[in-house]
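Observations on the three-dimensional arrangement
Residues per chain, in single letters:
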Amino acid sequence: MPTRPDPSLYWALALAIVTAVVAGIVGDSLQAALIAGVGGVAAVLLGGLERPEPPSPAEPVSDRPPELIDHLLDAVVQPVLLVRGGRVSFANRAALAELGRHIVGEDVRVAIRHPAAAARLAAAEPAAAERPIELVGLGSVDRRWEMRVGEVGSYRIVQLIDRTGAYAAERMRIDFVANASHELRTPLASILGFIETLSDEAGGDPDVRARFLKVMFDEARRMQRLVEDLISLSRIEAEKHQLPSSAVDLARLVAEVRAEIFDMGDDKGHAVTLDFGSGVPPVCGDRARLSQMLHNLIGNAVKYGRPGTPVTIAARRDGAMVRLAVSDEGEGIAAEHIPRLTERFYRIDAGRSRTLGGTGLGLAIVKHIVERHRGRLDIVSKAGVGTTVTVLLPTMDDVVTNP
């Protein structure tokens, strides 16, 4: 006989569903406790749904859950499905956006088209505390989801948790460790090889010994620069939530960095010219980090610009920001490389970069420094013409006015 649910019992169903969704996020052990406890209570309470009651023509019986549950689940940012009798009786907004609006009323194995999902959903009584399964390629090839299934009363709750970002971060960590190990292993192998050679017969020839020692010294310096950049990058990332608060005169700082580059003899015949507009205000920043940023930007322009061509450093006020641009007249960068230039250890020409003393971390450091200063970084390049790197930094006046 058709039944009419007691409206007060909807609160039990809503509580159990939301609890299961939260449990799917907080972890396996807590998930089991929450679903088993609250879900069990809700299931007992929902037993009241079995009490026969004369049907009301104005309130037809439906498999669709009450409106209260609709609103609760629509507030969940991850896709959630309510399944009854093997069909989707409700899908929240996130699920409709990911899987399509047509899925309501369909077989859940058709709504979630994935072999691993179909096998789990075909199980007669999936355990509420069962470990989640990973779905790769659902929606698009590079998407990764974690699917959790629980039961509350006559409903199955299917939750999809997007793990794409976490997987990408883990891949970046693995790649970073692998690249750092490779970058350190290469010069170390060279040093060890020359030491072995010098330990044999080659050490008796002064010219050979001097040449080998120079190579060993250069490789050791390269390792030192790499370790210093790695430490620096780690410190910058640790400081990223600390907003700088000092006033920095960018014109004076640029002039100091330019003089340091010339004093080290790294100018390679370039004419490094300054083009600062009138009335450029101080920026709000960390002077040491901004100096490091300028050393990297100007150093790159000097390294990769054609010898004898000018390197221009220009600054202008741009509303509440200061626009700093470093331009060279080098070979330029192909468009497909530009989005990846700030990745750690990404190089367009690895051999040339190492020859010029690069570690592959310079622009990654620049990006993190700019982000810490709440600024913006832009790179524009044209093959055969040159490259311009632009940094926008907030002025001190704007930070004081709008803290």
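Scroll up to find the structure.
Below you will find a few notes about this structure.

Reading the values: rules and limits
Residues numbered from 1 in each chain as written. Predicted model: local features only at pLDDT ≥ 70, side-chain atom pairs only at ≥ 80, totals over all residues. Heavy atoms only, no water. Helix = DSSP H or I, 4+ residues; strand = E, 2+ residues; numbered from the N terminus. Buried < 20%, exposed > 50% of the residue type's maximum accessible area, 1.4 Å probe, protein only. Contact = heavy atoms within 4.5 Å. Areas by Shrake-Rupley, 256 points an atom, 1.4 Å probe, with all protein chains shown as cover. Axes fitted to C-alpha atoms, helices over the stretch in contact; angles between N-to-C directions. Parallel < 35°, antiparallel > 145°, perpendicular 65-115°, else oblique. Left-handed = near helix turned anticlockwise from the far one by under 90°. Nonpolar A, V, L, I, M, F, W, Y, C, P; charged D, E, K, R; others polar. Phe/Tyr/Trp six-rings, centres within 6.5 Å; stacked < 30°, edge-to-face > 60°. Lys NZ or Arg CZ within 6 Å of the ring centre and 35° of its normal. Patch = residues over 30% accessible without salt bridge, like charges linked within 9 Å, V, L, I, M, F, W, Y side chains within 5 Å. Salt bridge = Lys/Arg side-chain N within 4 Å of Asp/Glu carboxyl O. Polar contact = N/O pair within 3.5 Å; in protein donor to acceptor, adjacent residues only side chain to side chain. Expected span 1.5 Å × (residues − 1). Pairing = 2+ DSSP bridges. Core = buried A, V, L, I, M, F, W, Y, C linked by side-chain atoms within 4.5 Å.

**Let's talk about the overall build of the protein chain**
Along its length, the protein chain carries 13 helices and twelve strands. Within the protein chain, the fraction of its 403 residues that count as buried is 41%. Contacts in the protein chain between residues at least 24 apart in sequence constitute 62% of all its contacts with a sequence separation of at least 6. Summing over all exposed atoms, the protein chain offers an accessible surface of approximately 21300 Å²; the carbon and sulfur share of this is 56%.

**Some points on the packing of helix α10 (residues 287-304) against helix α12 (residues 362-372)**
The geometry of α10 relative to α12 is characterised by a closest axis approach of 9 Å and an angle of 140° between their N-to-C directions. Judged by the inter-axis angle, α10 sits oblique to α12. Crossing of α10 against α12: the hand is left-handed. When α10 is examined against α12, the residues R289, Q292, M293, N296, L297 and N300 are found in contact with a partner set consisting of G362, L363, I365, V366, I369, V370 and R372. When grouped by side-chain class, the residues that make up the contact of α10 with α12 number seven nonpolar, four polar and two charged.

**A closer look at the packing of aromatic side chains**
Counted by the stated rule, this structure contains one aromatic pair. For R84, the ring lying beneath its charged end belongs to Y155, and the centroid distance is 5.1 Å.

**Regarding a nonpolar patch on the surface**
Taken together, the side chains of L188, L192 and I195 present a nonpolar region at the surface, about 240 Å² in accessible area. For L188, the location among the structural elements is in helix α7 (residues 164-199). Take L188: its relative accessible area is 39%, and that puts it in the partly exposed class.

**Side note on the environment of L138**
Relative to the helices and strands, L138 is located in the loop between β3 (133-136) and β4 (144-152). A sequence separation of 40 residues divides L138 from E98, and the C-alpha atoms of the two residues are 9.2 Å apart. Apart from the residues within four sequence positions on either side, L138 is in contact with L99, I112, R113, R143, W145 and L160.

**Some words on the side chain of R289**
Here R289 shows up in helix α10. At a separation of 3.3 Å, a polar atom in the side chain of R289 contacts the side chain of E239. Polar side-chain contacts of R289 include one of 3.0 Å to the side chain of Q292.

**Some thoughts on the environment of L233**
Tracing the sequence through the fold places L233 in helix α8 (residues 206-238). Residue class for L233 comes out buried when judged on its relative accessible area of 2%. Through-space distance from the C-alpha of L233 to that of H368 is 7.8 Å; in sequence the pair is 135 residues apart.

**A look at α8**
Across its 33 residues, α8 extends 48 Å between first and last C-alpha, which sits within 8% of the 48 Å expected from 1.5 Å per residue. For α8, the complete set of buried residues consists of V208, F212, M216, E219, R222, M223, L226, D229, L230, S232, L233 and I236.

**A word on the sheet that holds β4**
The strands that make up a sheet pair up through hydrogen bonds in the backbone, lying either parallel or antiparallel. Read from one edge to the other, the open sheet built from five strands follows the order β2-β1-β5-β4-β3, with strand pairing classed as antiparallel. Each having just a single partner strand, β2 (87-91) and β3 make up the two edges of the open sheet. Adjacent strand axes in the sheet meet at a mean angle of 30°, parallel and antiparallel pairs treated alike.

**Some details on unusual backbone geometry**
Located in the positive-phi region is F345, a residue other than glycine, with phi close to 70°. Here F345 lies in the loop between β10 (321-328) and α11 (350-355). The class for F345 is buried, based on a relative accessible area of 8%. You will see that R374, though not glycine, has its phi angle at about 60°, which is positive. By the secondary structure assignment, R374 is in the loop between α12 and β11 (376-382).

**Regarding α10**
Taking 1.5 Å of rise per residue, 18 residues should cover 26 Å, and α10 covers 26 Å from first to last C-alpha, within 8% of that figure. Burial in α10 covers these residues: R289, L290, S291, Q292, M293, L294, N296, L297, I298, G299, A301 and V302. Of the residues that open α10, the one with a side-chain oxygen 3.1 Å from the backbone nitrogen of A288 is D286.

**What to know about the side chain of S232**
Assignment of secondary structure puts S232 in helix α8. Sequence-distant contacts of S232, that is, excluding residues within four places in its chain, are made with R289 and Q292.

**So, the sheet that holds strand β12 (residues 386-394)**
Ordered in space as β7-β9-β10-β12-β11, the five strands form an open sheet in which the pairing is mixed. A strand with exactly one partner marks an edge of an open sheet, and here the two such strands are β7 (272-276) and β11. Averaged over all pairs of adjacent strands, the angle between strand axes in this sheet comes to 15°, irrespective of strand direction. As defined by bridge partners, strand β9 (residues 311-318) adjoins β10 across seven bridges and the pair is classed as antiparallel. In the strand pairing of β10, A315 is matched with L324.

**As for the nonpolar core**
Counting 40 residues, the largest nonpolar core has M293, L294, L297 and L324 as the members making the most contacts within it. Secondary structure elements with two or more residues in this core: α8, α9 (250-263), α10, β9, β10, α12 and β12. A total of seven residues in this core trace back to one element, the largest contributor, which is α10. Apart from residues lying up to four places away in sequence, L324 is in contact with L250, V254, F276, M293, L294, I313, A314, A315, V389, T390 and V391.

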